[in-house]
Amino acid sequence: MEFLNAVFVAPFLDIADSPVFFAEVVIGGLMSGVMYSLVALGFVLIFKASGVFNYAQGAMVLFAALTLVGLMEHGAPLWLGLLVTLGVMVALAYAIERFMLRKLVNQEGIILFMATIGLNFVLEGVGQIAFGSDVKRLDVGLPDKSFEWKGILLNTFDLSATFIGAVMVTSLALFFQYTPTGRALRAVADDHQAALSVGIPLKTIWVIVWSVAGAVALVAGIMWGAKAGVQFSLVLIALKALPVLILGGFTSVPGAIVGGLIIGVGEKVAEVYWGPVFGGAIESWFAYMLALAFLLFRPQGLFGEKIIERV
Amino acid sequence: MKFRSLLLGALGAVVCVTGVAVSKAAYSAEQFIPMLVYRTGPYAPSGIPVANGFRDYYTLVNKRDGGINGVKIVFEECETKYNTKQGVECYEKLKNKGPTGASLVNPYSTGITYQLIPKSAVDGVPILSMGYGRTSAADGRVFKWVFNFPATYWSQASAFVKYVGRQEGGMANLKGKKIVHLYHNSAYGKEANPTLETLAKKYGFKLTLIAVDHPGQEQKAQWLQIRRKKPHWIFMSGWGVMNQVAIKEAAGINYPMDHFVGNWWSGSDADVVPAGAGSKGYKSATFHGAGAGWGVHEDIVKHIYGGDAAKAQENKMGEVLYNRGMVNAMFGVEAIRTAMKKYGNKSMTGAQVRWGLENLNVNEARLSELGMKGFTQPVKVSCSDHETSGPVMFQQWDGSKWSFASIWVPPMRDVVRPMIEKDAANYAKENKITPRKC
């Protein structure tokens, strides 16, 4: 009886009793959600354009952040560090196309997926060899101050991250929807050979999409690196993106942001109000539960494309 | 022809036998110690300084003293990535190396320690889980092969409560105070909970337990709860990125950092980096000094780095976790030395080192000889007490370095020891172990 009360009654009474705190939890969840979306975006871009689930996306986040912080440690100003890091990510995209993807044109998705597992190990290793395994502080000049607004504690850094995330998602959604390159990217995702037959330069498209994913990884690396320091565990933030992808759909840019927001709010509310009932730390598995619940009704995710195959 | 074959055979046999004998003789002056390390993976920033501390201390003993009483220390690293499965594989790979097998093993992970406890008695390899692992292994009557001196998680938690009591002007003032335990949601993180719950009942403070899942990069929900509860003190049992994010979040909600105290695995140099100036005032428990101002560090610079202190610091010398690895290596070496007093100056077996650990007595005079006077506290192990209830120090980050911020605080042995004995007795019953008479 006590358990039922703790699950079905007490949390709702608590919410009704302290609506300001509930609002703070929801806002906190939304801000975390944007951070998850930033990581999920990288996955979506590559999956959308090449049908590859990029296992190395977390490693790309680490690699980009390590490169930036490494350059800044060697005295490069932020703008130069950002430019050079973007250049490195484009070069990486070219190398991935030249030495990995080109050999695997028209192969099964699982083959490409396994290739990205290899890429993950390469990036993890190279990043650590080049820049070490120390925790590095990353300060990109974004304000990081807390302030109260109507009893709700907000942080200027989280607000900036939300703004940057929103701008990125909007730009990418427009890019995919309304530019010839965006349409070409979608055509490549549907069928490599068909895209080639109508004159779409597959190699160039792959370089573009991996470069854009590299740029997204850099932004995600900056945001997460500024929060927790640039270190190896950045690789693990990919785990945070998985429920977002399941929920939002692997092929939808807006899905990544909406999925991120739902997961962010859902897990924070669950952790704060229901966590103590289950011994705490429920948010990790709760995110997956939430995503699975959505899948029961929409197997392709909220915004994913419904796949119809002739059998 | 037959005679020639016989002669050749005899010669071959002599070469083989003497060859083996020669190689045996060369190896008989070596003492093998396996090193389970994590220089890669998410916990590498913590694992690297620990591993360097071990490596440098063993190298120092070899270079400065010519080994332990003339017996050279040989060590081999095996990468665990702080992963229990890989840690057990490393142990299996290294346990039979060297002339007498592994002298002892330092698992450097509570998860790995739990897995090795049943194996240690079978393989005859003692475990030195210094300040981590299974707390009730402090009862040597049940856990003959496991040592966790100078103090356990439970003793540490009791020392924290005692420290808070002193800061609040007396233990009676703890009544009604709110304390949060923010812990890594793992066997390690949960270790302090039973002690804190017992002490909450005893002293009347309100304890809230808040878990953080591995690896701990996202803690917004936990810190929203903390902000709502407005605790007077926070005690943290974290590791790796969890510590760094927690300190940053605490600074973010303007929590008074001098009331935020980490355990001794939550107070390294890496932990305070991401929060920058915001981490100033943060405290943590410890059982040894920070920095490189002791005699042993001078010896390391002189004998290993050729007088180049900058190079030593590049290798993390003086960082909290480097010093932890170094002091851990020192206890292991002193245990082998103790064993040699009884068994002679030769390679010790695991069983002999176990005896050395159980009869270890590193007093003030010995610490002074080792260049560690004031760096750590004396330790005297016994058959029944593998913990020794060593006192705990609280250090504070001033924005650029860690400094001692308290006197040595003895744990509440009267509270902790009965809990240890009870838990050990349950373990003995479950595993059909007859406790030794000590």
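Predicted model, so just to flag it, every value in this text is computed and none were measured.

Caption draft 1: Spatial organisation of the interface of chain A and chain B. Facing 44 residues of chain A, the contacting portion of chain B comprises 37 residues. Taking both sides of the interface into account, the surface hidden between chain A and chain B amounts to around 3100 Å²; carbon and sulfur atoms contribute 52%. When residues of chain A are sorted by the area they lose upon contact with chain B, Val135, Arg137 and Lys227 of chain A head the list and together hold 17% of the total. A salt bridge links Glu218 of chain B to Lys227 of chain A; its shortest N-O distance comes to 3.9 Å. Sorting elements by how many residues they give to the side of chain A that touches chain B places helix α3 (residues 19-50) of chain A first, with 6 residues. Broken down by class, the residue content of the side of chain A that touches chain B amounts to 17 nonpolar, 13 polar and 14 charged.

Caption draft 2: Representation of the confidence of the model for chain B within the structure. Residue and element names in this part refer to chain B. For chain B, the mean per-residue pLDDT works out to 92, and 94% of the residues sit at or above 70. Note that residues 14-28 has pLDDT below 50 and, in this model, 5 contacts with residues that lie over four places away or in other chains. Here the predicted complex carries an ipTM of 0.89, next to a pTM of 0.89.

Caption draft 3: Summary view of empty space enclosed by the protein. All names here are of chain B. Across all of its chains, the model carries 5 cavities of 30 Å³ or more by this definition. Each pocket or cavity is described by its volume, and for the largest cavity that value is around 90 Å³. Lining of the largest cavity is provided by Tyr38, Tyr82, Tyr108, Ser109, Thr110, Tyr132, Tyr153, Tyr188, Trp239 and Trp265. Residue composition of the lining of the largest cavity, by class: 8 nonpolar, 2 polar and no charged.

Caption draft 4: Molecular detail of the sheet that holds strand β12 (residues 393-397) of chain B. Residue and element names in this part refer to chain B. Strand order in the open sheet formed by 7 strands is β6-β5-β7-β8-β9-β12-β13, and the pairing between neighbours is mixed. Here the strands that pair on one side only, and so sit at the sheet edges, are β6 (206-212) and β13 (402-404). Averaged over all neighbouring strand pairs, the angle between strand axes comes to 25°, with direction disregarded. The sheet contact formed by strand β5 (residues 178-184) and strand β7 (residues 233-237) spans 5 bridges and is parallel. Each bridged residue has a counterpart across the sheet, and for Leu182 the counterpart in β7 is Met236. Here helix α7 (residues 193-203) sits on the sheet in contact with β5, β6 and β7, set at roughly 160° to β6. Across the sheet, helix α8 (residues 220-229) lies against β5, β6, β7 and β8 (260-262), angled at about 165° from β6, the strand it touches most.

Caption draft 5: Just the domain arrangement of chain B, in detail. All names here are of chain B. Looking at the assigned domains, one finds that chain B contains domain 1 (30-151 + 291-390) and domain 2 (154-286). If you average the C-alpha positions of domain 1 and of domain 2, the two centres end up 28 Å apart. Between domain 1 and domain 2, the residue contacts involve 19 residues of the former and 16 residues of the latter. Overall, the association of domain 1 and domain 2 removes approximately 1600 Å² of surface from exposure, summing both partners, and the carbon and sulfur fraction of that is 59%. Three residues, Tyr43, Thr135 and Arg324, lead the burial of domain 1 against domain 2; their summed loss comes to 33% of the area buried on that side.

Criteria and thresholds
Residues numbered from 1 in each chain as written. Chains lettered and ligands numbered in written order. Predicted model: local features only at pLDDT ≥ 70, side-chain atom pairs only at ≥ 80, totals over all residues. Heavy atoms only, no water. Contact = heavy atoms within 4.5 Å. Buried area = accessible area lost by both parts, 1.4 Å probe. Salt bridge = Lys/Arg side-chain N within 4 Å of Asp/Glu carboxyl O. Helix = DSSP H or I, 4+ residues; strand = E, 2+ residues; numbered from the N terminus. Nonpolar A, V, L, I, M, F, W, Y, C, P; charged D, E, K, R; others polar. pLDDT = per-residue confidence, 0-100. 1 Å grid on protein atoms, 1.4 Å probe; cavity = no way out; pocket = protein on both sides within 12 Å on 5 of 7 lines; lining within 4 Å. Points joined across faces, edges and corners; volume = space filled by probe spheres on them. Pairing = 2+ DSSP bridges. Axes fitted to C-alpha atoms, helices over the stretch in contact; angles between N-to-C directions. Domains from an automatic or database assignment.

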